[in-house]
Amino acid sequence: MKRVVVMDVSDDKDKPEPLKLINPEIIWESEETSIYQEGCLSIPEQYADVERPAEVGMRYMDENGETHEIEADGLLATCIQHEIDHLDGVLFTDYLSALKRNMILKKVQKLQKTKKSA
Ligand SMILES: [Zn+2]
């Protein structure tokens, strides 16, 4: 089974720079952490601050079967960790307190109900 992620953190919408990752894995992470407000297509319209390692090293294979190792920081580091979490079935809400997570889940359920009745 292949674990595949495609992501694009480029600012310029006219010039997409998709990063295609096959079997990506985090090979190291910094002790230093940073906090980003994360959102997720799987949890519509909900955002929360998540603390993660500020820098990570990642090994992955590209679409030509070549293995790469890169270092990432900033938004890219956060996205890499967020997306690899997805491959492991982990959502950003899993990093929140139970109280915050339940609040978000309730909001999403409410949102889904409104959509259904609309
Ligand atoms: Zn996500």
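Computed from a predicted model, the values in this text were never measured in an experiment.

K.L.:
It is not clear to me how the coordination of the zinc ion should be interpreted in this structure. Could you clarify?
P.N.:
For a metal bound by four donors in a tetrahedral arrangement, the ideal donor-metal-donor angle is 109.5 degrees, while six donors in an octahedral arrangement ideally sit at 90 or 180 degrees. Note on the zinc ion: its protein donors are C40 (SG), H82 (NE2) and H86 (NE2). The metal-donor distances range over 2.0 to 2.3 Å. Since its relative accessible area comes to 12%, C40 is described here as buried.

K.L.:
Hey, could you run me through the pattern of salt bridges in this one?
P.N.:
Side chains that carry opposite charge are capable of pairing whenever their charged atoms lie near each other. This structure, assessed with the given rule, holds seven salt bridges. D88 serves as the salt-bridge partner of R3, at 3.1 Å between the closest nitrogen and oxygen. Remark: D88 occurs in the loop between helix 1 (74-87) and helix 2 (98-117) and R3 occurs in the segment before strand 1 (4-7); sequence separation between them is 85 residues. For D88, a relative accessible area of 47% gives the class partly exposed. One salt-bridge network, held together by shared partners, links E25, R59 and E69.

K.L.:
Any chance you could explain helix 1 here in plain terms?
P.N.:
What sets the pattern is the α-helix's 3.6 residues per turn: residues three or four places apart point alike. A rise of 1.5 Å per residue sets the reference length of helix 1, with its 14 residues, at 20 Å; its end C-alpha atoms lie 21 Å apart and thus fit the reference within 8%. Considered for burial, the residues of helix 1 that qualify are A77, T78, I80, Q81, H82, I84 and D85. Note on helix 1: the residue one or two positions beyond its end, G89, has a positive phi of about 75°.

K.L.:
Which parts of the structure should I look at to understand the side chain of D62?
P.N.:
In this structure, D62 sits in the loop between strand 5 (55-61) and strand 6 (67-73). Notably, D62 is buried but unbridged: the nearest opposite-charge side chain belongs to K20, and the N-O separation is 9.0 Å. Setting aside residues up to four positions removed in sequence, D62 forms contacts with K20, I22 and H68.

K.L.:
How do you make sense of the pairing of strand 4 (residues 43-53) when you look at a structure like this?
P.N.:
In regular strands, side chains alternate between the two faces of the sheet. Bridging between strand 3 (residues 33-40) and strand 4 involves eight bridges; their strand directions are antiparallel. If you follow Q37 over to strand 4, its bridge partner there is D49. Where strand 3 folds back on strand 4, the antiparallel hairpin that results is connected by two residues.

K.L.:
Is there a simple way to think about the environment of L19 in this case?
P.N.:
By the element assignment, L19 lies in strand 2 (residues 19-29). By relative accessible area, which is 22% here, L19 ends up partly exposed. Separated by 11 residues in sequence, L19 and D8 place their C-alpha atoms 6.0 Å apart. Leaving out residues up to four positions away in the same chain, L19 has contacts with V5, V6, M7, Y60 and L76.

Procedures and definitions
Residues numbered from 1 in each chain as written. Predicted model: local features only at pLDDT ≥ 70, side-chain atom pairs only at ≥ 80, totals over all residues. Heavy atoms only, no water. Donors = N, O, S within 2.8 Å, 3.2 Å for Na, K, Ca; no water. Buried < 20%, exposed > 50% of the residue type's maximum accessible area, 1.4 Å probe, protein only. Salt bridge = Lys/Arg side-chain N within 4 Å of Asp/Glu carboxyl O. Helix = DSSP H or I, 4+ residues; strand = E, 2+ residues; numbered from the N terminus. Expected span 1.5 Å × (residues − 1). Lys, Arg positive; Asp, Glu negative; His and termini not counted. Contact = heavy atoms within 4.5 Å. Pairing = 2+ DSSP bridges.

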